[in-house]
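Residues per chain, in single letters:
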Amino acid sequence: MLIRAARIDELPLLQDIERAAGECFRAIGMPEIADDEPLPLEELLGYRRAGLAWVAADGTGSPVGYLIADRVDGNLHVEQVSVHPDSARRRVGRSLLEHLAERAGAEGAPALTLTTFTDVPWNAPYYARCGFRTLEEGCLGPGLRDIRDREAVHGLDRWPRVCMRRDL
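Let me sum up the structure you'll find in this document. (Residues numbered from 1 in each chain as written. Predicted model: local features only at pLDDT ≥ 70, side-chain atom pairs only at ≥ 80, totals over all residues. Heavy atoms only, no water.)

1. Regarding the pairing of strand 3 (residues 63-72)
Moving on, step 1. Burial of strand 3 is extensive: eight of the ten residues sit out of reach of the surface.
Moving on, step 2. With five bridges joining them, strand 2 (residues 53-57) and strand 3 adopt antiparallel strand pairing. From the neighbouring strand, alanine 56 faces strand 3, where its bridge partner is glycine 65.
Moving on, step 3. Where strand 3 and strand 4 (residues 75-83) come together, eight bridges link them in antiparallel fashion. In the sheet register, alanine 69 faces strand 4, and the bridge partner there is valine 78.
Moving on, step 4. Linking two consecutive strands that pair antiparallel, namely strand 3 and strand 4, is a turn of two residues; a positive phi of about 55 degrees is found at aspartate 73 within it. (Buried < 20%, exposed > 50% of the residue type's maximum accessible area, 1.4 Å probe, protein only. Helix = DSSP H or I, 4+ residues; strand = E, 2+ residues; numbered from the N terminus. Pairing = 2+ DSSP bridges.)

2. Considering the sheet that holds strand 3
Moving on, step 1. With respect to topology, seven strands assemble into an open sheet ordered 1-2-3-4-5-7-6, the strand pairing being mixed. The open sheet is flanked by strand 1 (2-5) and strand 6 (133-135), the only strands paired with a single partner. Adjacent strand axes in the sheet meet at a mean angle of 35 degrees when their direction is disregarded.
Moving on, step 2. Where strand 6 and strand 7 (residues 161-167) come together, three bridges link them in antiparallel fashion. Among the inter-strand pairings, arginine 133 is bridged to a residue of strand 7, identified as arginine 165.
Moving on, step 3. Sheet strands in contact with helix 3 (residues 41-49) are strand 2, strand 3 and strand 4, and its direction is about 75 degrees off that of strand 3. (Axes fitted to C-alpha atoms, helices over the stretch in contact; angles between N-to-C directions. Contact = heavy atoms within 4.5 Å.)

3. Quick notes on the state of the cysteines
Moving on, step 1. Scanning the entire structure with this criterion turns up zero disulfides.
Moving on, step 2. With no disulfide of its own, cysteine 130 has cysteine 24 as its nearest cysteine by sulfur position, at a separation of 16 Å.
Moving on, step 3. Distance from the sulfur of cysteine 163, which forms no disulfide, to the nearest cysteine sulfur (cysteine 139) is 10 Å. (Disulfide = S-S within 2.5 Å.)

4. A few points about the packing of aromatic side chains
Moving on, step 1. Applying the stated criterion across every chain, the model contains five aromatic pairs.
Moving on, step 2. An angle of 85 degrees between the planes, with centres 5.9 Å apart, marks the rings of phenylalanine 117 and tryptophan 159 as edge-to-face. Remark: tryptophan 159 occurs in the loop between helix 6 (142-153) and strand 7 and phenylalanine 117 occurs in strand 5 (residues 111-117); sequence separation between them is 42 residues. For the pair shown, phenylalanine 117 and tryptophan 159 are each scored as buried.
Moving on, step 3. Both rings, one in tyrosine 127 and one in phenylalanine 132, keep their centres 5.8 Å apart while their planes meet at 75 degrees; by these two values the pair is edge-to-face. With respect to class, tyrosine 127 is no different from phenylalanine 132; both count as buried.
Moving on, step 4. Note that arginine 161 overlies the ring of phenylalanine 117, its terminal NZ or CZ placed 4.4 Å from the centroid. (Phe/Tyr/Trp six-rings, centres within 6.5 Å; stacked < 30°, edge-to-face > 60°. Lys NZ or Arg CZ within 6 Å of the ring centre and 35° of its normal.)

Structure (structure tokens):
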């Protein structure tokens, strides 16, 4: 598997990957998450232009997962990481996270951060296995607080969520 920058022509595929990955939420009683549309192409293009969009490509060069990131509170923040269910449990997500950690280290960022659902097995428990720890609300910087506020407006707080950090 190769981790590389996302290409412009692949951006619609990233949306397809996210839709497919989202279907897993339907099976655990979170159909609203499964039905939530991926980011628009223009926003994905912005991540690509900023150099903050990567894909995990299979042996044929086709994307099977992707990660987009933001710079938040001096860290690199995982905005979205999705893996197509056909490629699940093959360390695709972990490889994308490791790639981001290497990038963050090269930039001098002290940590990776993300927000996620606490009770979804492939969310907070998975990220904990990848070296992330839960942050207490009082430890959130202004950027993470803003993200959590936007998530609440979007209705994501219907289910328990946390911010997590992986020190580098």
